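# Residue-level structure breakdown
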Amino acid sequence: MMINNLRLQNFRNYQDVTIKFMPGINILMGDNGQGKTNIIEGIYYLLTGKSYRVQREQELLHWDQSEFHLFGDFLMAHHKVSLESHYKDKRKIVKVNQVPCQRLSDFVGTINVIFFSPDDLVMIKGGPSERRRFLDLHIAQMRPGHVSLLNSYNKVLQQKSALLKSFAAKSLKYSQLQLWNEQIIKYGQNIIRNRVELTKRLQSVADNIYGNLSSQKEKLKVTYMALGNKNIDEAISKFPQLLDDKLEQEIDRQMVLVGPHRDDVQILLNDKPARLYASQGQQRSIVLCLKLAELELIRQEKEEYPILLLDDVLSELDRFRRDYLMNFIESSRIQTLITMTSAEIHLESGTLYFVEKGHIRREQ
Ligand SMILES: Nc1ncnc2c1ncn2[C@@H]1O[C@H](COP(=O)(O)OP(=O)(O)O)[C@@H](O)[C@H]1O
Ligand SMILES: [Mg+2]
């Protein structure tokens, strides 16, 4: 998969810019604050309907503007797709091949993208929600139904939380809570199954990649913990009982304590929790490994690599890991956009773009 053209209108610090990208490596070079990340963000937004930096589209609007437009032409092995995202008056309109799309999930996942920045270290250092987010973002690209599943589940969570709060005022019955628990199980077990499936597939390819990254010295193990349990069938069969057991505690704390919204992914390096024991360098290797594993899984399923967006990651990796990553990209012919502030790598091939104050110039 690749992006051929991108046009940004009134998006961040771009008024109206069109960029033609090339197959293989595309380097966006420029000083800080010139608009490199904004380009990456534009592509990510076009493909996923979301920014990874902000919640509200309002912040993506060029100063004082009321609408922005993003256009992208994409190529897949056997066909072309054009995508358009138009944000105006707090509404967004998405078009695929000029035809308006009813729901966001109709187009997300058509063209896949993997984004990697130094902030991804939170997958290791941060709390469980970061690791769940990592899984959910990947699943959402591959199985559009996952987004509506999460939305339905979150609505049920909100309803149940509201009920638990009103319970404190002793105005409601247990039976009403039971009804919400049934919904929690219904949606929750499917969320768990999707996440477990992805985690197992990640583990199957990450094992080999991490072996290479550590010169076969270290072993990475990634396991989804469903309701605190490594065994998924057991976790799901005990789900109703667990909800019953915690009911009093939930009423007491006015919080939903049981369900996949509290699950975690256990990441072990040589059998020890990576969050606590792995060095900064090892943690970076794990993130790199998981990103490469994601690329590989998408290729296995779609028979094409996704587009890879690397925002400021090269300077964070040591020579060995950087070479490993660049070799992987070059030998797999993955179209990659890389931002950097100075010539950080020596490349045999690739196209160079200079980014300065919202203007882009391609090196001739
Ligand atoms: N909504 C916006 N409208 C106009 N300019 C913006 C907006 N948001 C950010 N910017 C500008 O974009 C620049 C940062 O762009 P960014 O792509 O993050 O830089 P970098 O090249 O360091 O990756 C800053 O100069 C900032 O002022
Ligand atoms: Mg940047």
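Nothing here was measured: the structure is a model prediction, and the numbers come from that model.

The rules behind these values
Residues numbered from 1 in each chain as written. Chains lettered and ligands numbered in written order. Predicted model: local features only at pLDDT ≥ 70, side-chain atom pairs only at ≥ 80, totals over all residues. Heavy atoms only, no water. Helix = DSSP H or I, 4+ residues; strand = E, 2+ residues; numbered from the N terminus. Rg over C-alpha atoms; globule rule 2.2 N^0.38 Å. Areas by Shrake-Rupley, 256 points an atom, 1.4 Å probe, with all protein chains shown as cover. Lys, Arg positive; Asp, Glu negative; His and termini not counted. Charge placed at Lys NZ, Arg CZ, Asp CG, Glu CD. Pairing = 2+ DSSP bridges. Contact = heavy atoms within 4.5 Å. Axes fitted to C-alpha atoms, helices over the stretch in contact; angles between N-to-C directions. Buried < 20%, exposed > 50% of the residue type's maximum accessible area, 1.4 Å probe, protein only. Parallel < 35°, antiparallel > 145°, perpendicular 65-115°, else oblique. Near = heavy atom within 4 Å. Polar contact = N/O pair within 3.5 Å; in protein donor to acceptor, adjacent residues only side chain to side chain. Nonpolar A, V, L, I, M, F, W, Y, C, P; charged D, E, K, R; others polar. Domains from an automatic or database assignment. Buried area = accessible area lost by both parts, 1.4 Å probe. Salt bridge = Lys/Arg side-chain N within 4 Å of Asp/Glu carboxyl O. UniProt positions renumbered as here; feature names shortened; annotations may be inferred. Core = buried A, V, L, I, M, F, W, Y, C linked by side-chain atoms within 4.5 Å. Phe/Tyr/Trp six-rings, centres within 6.5 Å; stacked < 30°, edge-to-face > 60°.

### Considerations on the overall build of the protein chain
Check the secondary structure of the protein chain and you find 10 helices and 15 strands. Expected size for 364 residues packed as a compact globule is a radius of gyration near 21 Å; at 22 Å, the protein chain falls within 12% of this value. With respect to the three principal axes, the spread of C-alpha positions in the protein chain is 70 × 55 × 40 Å. Surface exposure of the protein chain reaches about 18000 Å², of which carbon and sulfur atoms provide 47%. Seen as two clouds, the 50 positive and the 44 negative side-chain charges of the protein chain have centres 3 Å apart.

### Quick look at the sheet that holds strand E2 (residues 14-20)
Reading across from one edge, E2-E1-E4-E5-E6-E7 is the order of the 6 strands in this open sheet, with antiparallel pairing throughout. Strand pairing shows two members of the sheet lacking a second neighbour, E2 and strand E7 (99-100), which therefore form its edges. In this sheet, strand E4 (residues 67-75) lies alongside strand E1 (residues 2-11) in antiparallel orientation, the contact comprising 7 bridges. Its bridge partner being in E4, Ile-3 is matched across the sheet by Phe-74. Of the strands in this sheet, E1, E2, E4, strand E5 (80-88) and strand E6 (91-96) are in contact with helix H1 (residues 36-48), which crosses E1 at around 105°.

### Quick word on unusual backbone geometry
If you check the backbone angles, Asp-64 has positive phi at about 65° while not being a glycine. Secondary-structure assignment places Asp-64 in the loop between H1 and E4. Note on Asp-64: relative accessible area 82%, which makes it exposed. Phi angles above zero are rare outside glycine, and Asn-97 is one such case at about 50°.

### Thoughts on the packing of helix H9 (residues 280-302) against helix H10 (residues 319-332)
Look at H9 against H10: their axes get within 11 Å of each other, and the N-to-C directions meet at 5°. Here H9 lies roughly parallel to H10, going by the angle between them. Only Arg-321, Tyr-324, Leu-325 and Phe-328 of H10 make contact with H9, whose side of the interface consists of Gly-281, Ser-285, Leu-288, Leu-292, Leu-295 and Glu-296.

### What to know about the site of ligand 1
If you check the shell around ligand 1, you find 15 residues, and the closest are Gly-33, Lys-36, Thr-37, Asn-38 and Leu-61. At 3.2 Å, a backbone N or O of Arg-12 approaches a nitrogen atom of ligand 1. Here an oxygen atom of ligand 1 and a backbone polar atom of Gly-35 are 3.0 Å apart. Protein contact buries 78% of the 580 Å² of open area that ligand 1 shows by itself. Considering only residue class, the shell around ligand 1 consists of 2 nonpolar, 8 polar and 5 charged.

### Looking at the domain arrangement of the protein chain
Its domain assignment divides the protein chain into domain 1 (1-111 + 306-364) and domain 2 (119-302). The interface is formed by 18 residues belonging to domain 1 together with 17 residues belonging to domain 2. Here domain 1 and domain 2 share an interface that buries about 1700 Å² over both sides, 67% of which is from carbon and sulfur atoms. Counting every contact that joins domain 1 to domain 2 gives 1 salt bridge. The greatest single-element share of the side of domain 1 that touches domain 2, amounting to 5 residues, is contributed by H10. Grouping the constituent residues of the side of domain 1 that touches domain 2 by class yields 12 nonpolar, 3 polar and 3 charged.

### Re the UniProt feature "binding site: ATP" (unreviewed entry) in the protein chain
Mapped onto this structure's residue numbering, the UniProt feature "binding site: ATP" (unreviewed entry) falls at Gly-30, Asp-31, Asn-32, Gly-33, Gln-34, Gly-35, Lys-36 and Thr-37. Along the polypeptide, Asp-31 turns up in the loop between strand E3 (25-29) and H1. In this structure Asp-31 touches Lys-36 and Thr-341, once residues within four positions along its chain are discounted. Note that Thr-37 resides in helix H1.

### Examining the sheet that holds strand E13 (residues 336-340)
Strand order in the open sheet formed by 6 strands is E8-E12-E13-E3-E14-E15, and the pairing between neighbours is mixed. Each end of this open sheet is capped by a strand with a single partner; those strands are strand E8 (113-116) and strand E15 (359-362). Each strand axis lies, on average, 20° off the axis of its neighbour in the sheet, ignoring direction.

### Topic: the nonpolar core
In this structure, Ile-192, Leu-220, Ile-267 and Ile-286 are the most contacted members of the largest nonpolar core, which totals 79 residues. Broken down by element, the residue count for this core peaks at 14 residues, all from helix H5 (residues 174-213). Built from parts of two domains, this core gets at least three residues from each of domain 1 (1-111 + 306-364) and domain 2 (119-302). Excluding residues within four positions of it along the chain, Ile-267 makes contact with Met-123, Ile-124, Arg-131, Leu-220, Lys-221, Val-222, Lys-272, Pro-273, Ala-274, Ile-286 and Leu-290. Formed by 41 residues, the second largest nonpolar core is a distinct cluster that contains Leu-8, Ile-40, Tyr-87 and Phe-107.

### Points about the packing of aromatic side chains
Summed over all chains, the structure comprises 8 aromatic pairs. Plain terms: the ring middles of Phe-11 and Phe-68 are 5.3 Å apart, the flat faces sit at 80° to each other, and that makes the pair edge-to-face. With a gap of 57 residues between them, Phe-11 in strand E1 and Phe-68 in strand E4 connect regions that are remote in the sequence. For the pair shown, Phe-11 and Phe-68 are each scored as buried. Ring plane angle 75° and centroid distance 6.4 Å describe the contact between Tyr-305 and Phe-328, whose orientation is recorded as edge-to-face. With a gap of 23 residues between them, Tyr-305 in the loop between H9 and strand E12 (307-311) and Phe-328 in helix H10 connect regions that are remote in the sequence. Put simply, the rings of Phe-11, Tyr-45, Phe-68 and Tyr-87 touch in pairs and so form one group of aromatic residues.

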